[in-house]
Amino acid sequence: MSADAARAAEMLAQLAVPQRLAAYAELIRRGPEGATIAELAFTIDVPVQKAGETLARLVGAGLATGTGNGVYRADASALREAASAVDALQPIAPLLRHYPQLRGNFAHGRLTTLPPTLGERYELIGELFARFLALDGLYDEDHINTRLAQVTDDVAGVRRMLVETGWLERDRAGTTYGPGRPLPAQPTP
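Owing to the predicted nature of the structure, the values given are computational and were not obtained by experimental measurement. (Residues numbered from 1 in each chain as written. Predicted model: local features only at pLDDT ≥ 70, side-chain atom pairs only at ≥ 80, totals over all residues. Heavy atoms only, no water.)

Undergrad: Could you clarify how one ought to interpret the nonpolar core in this entry?
TA: Note on soluble globular proteins: their nonpolar side chains tend to be buried together. Within the largest apolar cluster, 26 residues are counted, with the highest numbers of intra-cluster contacts made by I92, F106, L128, F129, L148 and L162. The element contributing the most residues to this core is helix α7 (residues 120–133), with eight residues. With residues up to four places along the chain from it excluded, the contact list for L148 reads F129, L133, V155, V158, R159 and L162. Residues A23, I44, Y72 and A78 belong to the second largest nonpolar core, which totals 21 residues. (Core = buried A, V, L, I, M, F, W, Y, C linked by side-chain atoms within 4.5 Å. Buried < 20%, exposed > 50% of the residue type's maximum accessible area, 1.4 Å probe, protein only. Helix = DSSP H or I, 4+ residues; strand = E, 2+ residues; numbered from the N terminus. Contact = heavy atoms within 4.5 Å.)

Structure (structure tokens):
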């Protein structure tokens, strides 16, 4: 696991505790004014000592700023940066840099929508997935499905789209797949 992924995992682990999540949500709600330990203790209905421990955990994880009896503020940008770092680790991310017009079809490294028509974007998304699969021979359907499942929930739909657009060729029995056509030169980002 990369350092960025480990940092994101630590942030999420800290927010997985309901009391910390409530404290973080309250700090987000309060915005730049933030809250003191006493104010937060009152709002989330915990003793002051417990609120202090909670805030220390949030500060330690990089989710909040503040020390001692001062004012604590949420750092929402830290969570956004951690999510972006994790997104960059997704297997399709390096290829998406070359297909900026398709970024809207993905969220957090996963396909969320296919282009609605057989126009240019439909062809491009087929090319993107053909590059992602990087087929250099014949593979069984399980192999194709396993690879596609890394980036989409609609494995059958994407596999069908790849066959329809000619990027993937299927044998008559429908059990073996191979590259349908050569890939053009990699587009520039």
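Picking up where we left off.
Undergrad: Just checking my understanding: could you explain the pairing of strand β7 (residues 176–179) for this structure?
TA: Taken residue by residue, a regular strand's side chains alternate between the two faces of the sheet. Where strand β5 (residues 139–140) and β7 come together, two bridges link them in antiparallel fashion. Considered in β7, the bridge of Y139 is made with Y177. Pairing between strand β6 (residues 168–170) and β7: three bridges, direction antiparallel. For L168, the partnering residue across the bridge sits in β7 and is P179. Between the end of β6 and the start of β7, which pair antiparallel, lie five residues, with G174 showing a positive phi angle near 75°. (Pairing = 2+ DSSP bridges.)

Read these as spatial facts, not as claims about activity.
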